[in-house]
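A structural walkthrough
Chain by chain, the residues:
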Amino acid sequence: MRGVTSARQQHQLAEAGEPWWRQRESERKRPNTRTSSTIPSPLCASSLKMACQALQSGESLATLKNESDSLKKKLEEERAKLHDVELNQVAEKVELVSALSIRTRRVLKGHGNKVLCMDWCKDKRRLVSSSQDGKVIVWDGYTLNKEHAVTMPCTWVMACAYAPSGCAVACGGLDNKCSVYPLSLDKNENLAAKKKSVAMHTNYLSGCSFTNSDMQLLTSSGDGTCALWDVESGQLLQSFHGHTADVLSLNLAPSETGNTFVSGGCDKKANVWDMRSGQNVQSFETHDSDINCVKYYPTGDAFASASDDGTCRLYDLRADREVAVYQKDSIIFGASSVDFSLSGRLLFAGYNDYTINVWDVLKGNRISVLFGHENRVSCVKVSPDGTSFASASWDTSLRIWA
Amino acid sequence: PFNTTQTPTTRRGVQMQDPKTGVKSQPQRLVITTIPHAIMGEDIVAWLADRFNIDFQEARSVGCRLVAFGYIYPLSDHKRLVLKPDASLYRFQTPYFWPAQQWPVEDTDYAIYLAKRNIRKKGLLELYEQEQYNHLHKWMNHKWDFIVMQAKEQYRAGKERKKPDRVVFDCQERAYWVVHRPPGTVSAMDYGLNRLVDPNAVEVKGNDRVGRNHDRNHTQSVIHHSYRRCLHCGDVPSRLVKHCTTFKHHDPFLAPCLPSNPWVSDDASYWTLNGAHVEVPTKMRVERWTFSFGELLSDPRGRDDFRLFLKKEFSGENLAFWEGCEDLKWGTAATMKDKAQQIYKTFLARGAPRWINIDGKTMEVTVKGLKHPHRYVLDAAQTHIFMLMKKDSFGRYLKSSTFKDTQKNAISPDEHKFRWNAKKRRPSLSPIAVRQMEAEQRAKLAASGPVDITQVMSKLSKQGKEVAPPAGKR
């Protein structure tokens, strides 16, 4: 593949979603793009050269920073001249979303304290939730039955995830660990007995997710790192360093050939990582405050983030920039969680002012506000087949909306 | 997490008090004294709705948050921090007591406040305040003389104020403590765990070596990122719009599920009809397979169909190899080396039983990598085979008789408008049970010799994922 590949094959690779950073310099031009824009190369080349020379000659960091700031400004100016077409301009031609009638269809009561996190099972109806008092409950959301319950030895269980097979759950929080509990059909069995301690961090666990199988776990922590673990042995397969503050959320790319994930943290940055090499391949810093949640767009080449600054933003990975901001004057409280509907047209966002806002991803306007929770909404997730979404709240309940 | 909503809320609070454009206020008579600048709940809601162009319900919600945080306090029913959109009266809290000031809320201050009220009139404290008072008296006993002294001092200073000012201040102080020491358990001041990094703290740039390296890396990456960005501002908006448009009718929030959305109608037919390995898929599902190769592969029923097609073309080894690679990548570390060897023997070695056709360079790289196998050793080969299937087999599949037959036989259920009825909800087979059944099937297969996998899968789905309903009910 690195051998004799024709230009056509290279282009095909690019189209197929081969990560751009695997392509060589010469392959990076993208033909057939209507709004294609390439900055005059002399400017880039010379600016880069200057910056690299500065690095080599060992100049002080202050001058280095000035160099990079001025380069950034020059590039922004050049880009502005090229009239990038904005998302909401193209979306003008798209028809409006007709009025949605989303209502609460189920209320799951059973937690005694704030519900901090939840995750759906692949069977589209079961879900797991974790709360501040250490309880983790597995529900059949459809019938409201509680199927399993585990009491963790720690409080503030901020992360929980359902295994792809539906036969185990992972959870963790203030114990700095992520443990996997195999579920059992026997109601009397004590699930804690078979618990497997998988991840070990040096600070609280903020997020966890299984990869494409039950065998690997991806975690994010207050210690500023993310890590990939082998569940069976507890071995650390890869660690991801780059955040300069607590990492609060992570999300795996949905693409079948993708090996990347995105994380968001208290350093206001959203970073995209290559799971293979542990490298931070892209970074976005446009939020004004902590990023509470990151979620990929269904195609995997964009993602949304929710932040304490009250806004949600959409970032495109190929264009490497922010393409939309979802905000309103009347929303002054932080957004805690986001998720996309199946088509990617709707963005559901939960906020600290107890509401859930539904945004039109393309046009950027808010479609509706959903009331119902009596305290902060901590987590919002769309079900695997897109028929509903669940919200977890500090009012100790979960709601399923459709 | 540290509360970063203070600044916008503060701005809001200041805006609302503007005599010209803010909420209109009036003096309120309370017994014999008048409380100036009282505002009605409904006026607050109306102002918010007008100013931010939002509807009544949302304005009320925003107003409630302002009350919960203590920027506005109620004059009557002062323990319930809600905004009533009627003639109930509220006042703006003095900026001194705004949460944005971030005074630490000390128990000592609360003890002084309770003691002061006790001095003024014994038995004035409410039950919950009495409990708090007793609790503080026990735990702060060593400071109690100081506390009582401060309380007396404040009480004396208060008496020197003019009566109207004193009444107002008492209201404000009382409101402040209802916010920070609520009678119930729910408090807007609850902000959860402290994050390790305080966003309000000023960043300190260190001079140490580690810091410098980090800054160097950061600068390099900024340059790198900036350069990269200018080359890649391709057709961003169109791609996103295209995906939304393609999937518009498949999104249950935008178009109705057929026959109905289980969450709305309490009828789970939609899930039964779209089970993982049903024999006859629905028309909508088949349509999704045509959108992209990824959609076809990620749907188990779609993959089954594709596998059937490949078998007829005698190129089933490509899909099998791809699945083997996935298994290697995401599988457990312990068996990884064995798996890699197994895949090599089956698909890559000279004369292998299911030899796959990849170009010489990729083969060379792969075989070399297999000397020291790691979970990504087959990445290059896997991508090559994936692209082959995507560019070649997928197109032929869509034109094949296999697909056309499936498409023809696909069902399109009618919409039924069942009404919500909780009694109709039935439990489903647990994923644990399903996995056990699949494992048993696989064991039987291994014992009895090679069998078409799609037959096995459809048999499993015929057994149904739903527990059989009680006889007589349907």
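Residues numbered from 1 in each chain as written. Chains lettered and ligands numbered in written order. Predicted model: local features only at pLDDT ≥ 70, side-chain atom pairs only at ≥ 80, totals over all residues. Heavy atoms only, no water.

1. Focus on helix 5 (residues 127–139) of chain B
Residues and elements named next belong to chain B.
- Compared with the 18 Å implied by 1.5 Å per residue over 13 residues, the 19 Å span of helix 5 between its first and last C-alpha is a close match.
- Of all the positions in helix 5, only Tyr128, Glu129, Tyr133 and Leu136 are classed as buried. In an axial view of helix 5, the angular spread of the buried residues amounts to 140°, which keeps them on one side of the axis. Seen from the buried face of helix 5, the exposed residues on the opposite side, beyond 90 degrees, are Leu127, Glu131 and Lys138.
- Packed against the buried residues of helix 5 are helix 4 (107–120), helix 6 (144–159) and helix 7 (163–180). (Helix = DSSP H or I, 4+ residues; strand = E, 2+ residues; numbered from the N terminus. Expected span 1.5 Å × (residues − 1). Buried < 20%, exposed > 50% of the residue type's maximum accessible area, 1.4 Å probe, protein only. Arc of directions from axis to C-beta. Contact = heavy atoms within 4.5 Å.)

2. A word on the pairing of strand 25 (residues 366–370) of chain A
All names here are of chain A.
- The element strand 25 is extensively covered by neighbouring structure, given that four of its five residues are classed as buried.
- Sheet analysis places strand 24 (residues 356–360) next to strand 25, joined by four bridges and oriented antiparallel. Bridge pairing in strand 25 links Val358 to Ser368.
- Count of turn residues in the strand 24/strand 25 antiparallel hairpin: five residues, of which Gly364 carries a positive phi of about 85°. (Pairing = 2+ DSSP bridges.)

3. A few points about the nonpolar core
All names here are of chain B.
- Within the largest apolar cluster, 34 residues are counted, with the highest numbers of intra-cluster contacts made by Phe293, Phe306, Phe321, Leu348, Leu378 and Tyr397.
- Sorting the residues of this core by element identifies helix 12 (283–289), helix 13 (293–298), helix 14 (300–313), helix 15 (316–330), helix 16 (336–348) and helix 18 (379–399) as the ones contributing at least two each.
- Among the elements that line this core, the one with the most residues is helix 18, at seven residues.
- In this view, Phe293 contacts Phe306, Phe386, Met389, Lys390 and Phe394; residues no more than four positions away in its chain are not counted. (Core = buried A, V, L, I, M, F, W, Y, C linked by side-chain atoms within 4.5 Å.)

4. Focus: the UniProt feature "domain: RGS" (unreviewed entry) in chain B
- According to UniProt, the "domain: RGS" (unreviewed entry) feature falls on residues 292–407 of chain B.
- For residues 292–407 of chain B, helix accounts for 74% and strand for 0%, while the C-alpha atoms at its two ends are 16 Å apart. (UniProt positions renumbered as here; feature names shortened; annotations may be inferred.)

5. Section: the sheet that holds strand 14 (residues 247–252) of chain A
Residue and element names in this part refer to chain A.
- Spatially, four strands are ordered 14-15-16-17 in an open sheet, and the strand pairing comes out antiparallel. Whereas interior strands pair on both sides, the edge strands pair on one side only; in this sheet they are strand 14 and strand 17 (280–284). Within the sheet, the average angular offset between the axes of one strand and its neighbour, ignoring direction, is 20°.
- Where strand 15 (residues 260–265) lies against strand 16 (residues 270–274), five bridges are found, and the strand directions are antiparallel. Bridge pairing in strand 16 places Phe261 opposite Trp273. (Axes fitted to C-alpha atoms, helices over the stretch in contact; angles between N-to-C directions.)

6. Observations regarding the sheet that holds strand 21 (residues 321–326) of chain A
Residues and elements named next belong to chain A.
- Taken together, the four strands give an open sheet; going across it, the order is 18-19-20-21, and neighbouring strands pair in antiparallel fashion. Only two strands of the sheet have a single partner each, and these edge strands are strand 18 (291–296) and strand 21. The average undirected angle you get between the axes of adjacent strands in this sheet is 25°.
- As paired strands, strand 18 and strand 19 (residues 302–307) are joined by five bridges and run antiparallel to one another. Looking at the pairing, Tyr296 lines up with Phe303 of strand 19.

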